[in-house]
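Letter by letter, the chains look like this.
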Amino acid sequence: MINFNLVDLMHALWLLDFYERANVTHEELSLPPSGEPTGILDLARLGGGKSKYLSKIDTDNGQQIIAAVGKIAAKLKLETAGHRLDHFEMALRYSITETDYKNEIKVLRDALKHDLSRTHFYHYPQAKLEVLMKFYKQWNPIGKAFPAALSEALVATDCYALGHDTACIFHIMRAAEHGLRALAKERRIKLAKNKPVEWGMWQEIISELNKEAAKIGLKATAGTAKDNALSFYSGALSDLNAFKDEYRNQVMHARKNYDEHQALRALVKVHAFMERLTEKMTDKHHKIRWGLKFKAS
């Protein structure tokens, strides 16, 4: 839904209306040196003795109409208009009279309106549209590191703009889960009974990550590397614990519905969480080189 703009549709309708009303220009039919038509095509162009047909200027205008309506018909899959476009384009390949030209425009316009009468559009509230239109600028750096999270965040943001707030929470938690799993794999954590990280519950994974952070806190030698690592993991774990209790458990078990303010807050929080991860890691699961040194046991 987020990639359609009514400007293209309004432009196509304006072109149809304008050129149906506009005056056309004509050109004289070029005949052989003898001055007499020599074939069926020349006779057809003469149209009962008249030696004028639509000028190249107007046939070019017709091609402009076809291009504009074709863009909309393809994007919205408008079948009736699509069929009429084929007919119009074929007609313009040959000399065409003004009457036939105007009829082609009228029938194409009617076909387009017929298709649109069965098409439904959604109007985004302006404030929510602004959030949606900023999506790629804000999320593209994250998407380069975590492509799967990007697609979930896009759906979540669109759901927010559409007013589907609980669905927004659901999808943005899926985006956050990609970050959770990436952290688990970066730390090389092991779940009970060799359960794969992808099948681990949030609490199981968070508990193991807490152990990793505690190990750094207790055994790493004091210094900048330790401070940086603890800041990174403690901050990420704080976010994940909050997501789990405020959103993830509630939405996954249908315990709660959310409003637009809660949905927007979740979008902002998960973006900040994923942005934090992107500064140090990607979904390739390479270990972060903190330069930590551990005390001898």
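Here the structure is shown first, and the text comes after it.
Rules of the game
- Residues numbered from 1 in each chain as written.
- Predicted model: local features only at pLDDT ≥ 70, side-chain atom pairs only at ≥ 80, totals over all residues.
- Heavy atoms only, no water.
- Helix = DSSP H or I, 4+ residues; strand = E, 2+ residues; numbered from the N terminus.
- Buried < 20%, exposed > 50% of the residue type's maximum accessible area, 1.4 Å probe, protein only.
- Contact = heavy atoms within 4.5 Å.
- Patch = residues over 30% accessible without salt bridge, like charges linked within 9 Å, V, L, I, M, F, W, Y side chains within 5 Å.
- Areas by Shrake-Rupley, 256 points an atom, 1.4 Å probe, with all protein chains shown as cover.
- Salt bridge = Lys/Arg side-chain N within 4 Å of Asp/Glu carboxyl O.
- Polar contact = N/O pair within 3.5 Å; in protein donor to acceptor, adjacent residues only side chain to side chain.
- 1 Å grid on protein atoms, 1.4 Å probe; cavity = no way out; pocket = protein on both sides within 12 Å on 5 of 7 lines; lining within 4 Å.
- Points joined across faces, edges and corners; volume = space filled by probe spheres on them.
- Nonpolar A, V, L, I, M, F, W, Y, C, P; charged D, E, K, R; others polar.

Caption draft 1: Spatial organisation of the overall build of the protein. Secondary structure summary: the protein contains twelve helices and two strands in total. When the helices and strands of the protein are listed from N to C terminus, the series reads α-β-α-β-α-α-α-α-α-α-α-α-α-α. Residues classed as buried in the protein amount to 38% of the 297 residues present. Here the analysis covers contacts within the protein between residues at least 6 apart in sequence; of these, 74% occur between residues at least 24 apart.

Caption draft 2: Seen up close, a nonpolar patch on the surface. A cluster of nonpolar side chains, Leu 6, Met 10 and Phe 121, forms an exposed patch at the surface whose accessible area comes to about 290 Å². Tracing the backbone shows Met 10 in helix 1 (residues 6-21).

Caption draft 3: The side chain of Ser 55, seen in detail. Position of Ser 55 relative to the elements: it lies in the loop between strand 2 (52-54) and helix 3 (56-76). For Ser 55, a relative accessible area of 3% translates into the label buried. Side chain to side chain, Ser 55 and Thr 25 meet in a polar contact 2.4 Å long. Here Ser 55 is in contact with Thr 25, His 26 and Glu 27, once residues within four sequence places are set aside.

Caption draft 4: Broad picture of empty space enclosed by the protein. One pass over the full model with this rule turns up one cavity of 30 Å³ or more. Lining the largest cavity are Leu 183, Arg 187, Leu 209, Glu 212, Tyr 233 and Leu 237. Mapped by element, the contributors of at least two residues to the lining of the largest cavity are helix 10 (202-219) and helix 11 (224-252). Residues belonging to the lining of the largest cavity are distributed by class as follows: four nonpolar, no polar and two charged.

Caption draft 5: Examining the pattern of salt bridges more closely. Counted by the stated rule, this structure contains 20 salt bridges. Between Glu 20 and Arg 109 there is a salt bridge; the shortest N-O distance is 2.4 Å. You can see Glu 20 sitting in helix 1 and its partner Arg 109 sitting in helix 5 (residues 98-116), a full 89 residues away along the chain. Judged by its relative accessible area of 15%, Arg 109 is buried. Across the salt bridge formed by Asp 110 and Lys 106, the nearest N and O atoms sit 3.2 Å from each other. With a gap of four residues between them, Asp 110 and Lys 106 both fall in helix 5, about one helical turn apart. One salt-bridge network, held together by shared partners, links Glu 20, Lys 106, Arg 109 and Asp 110.

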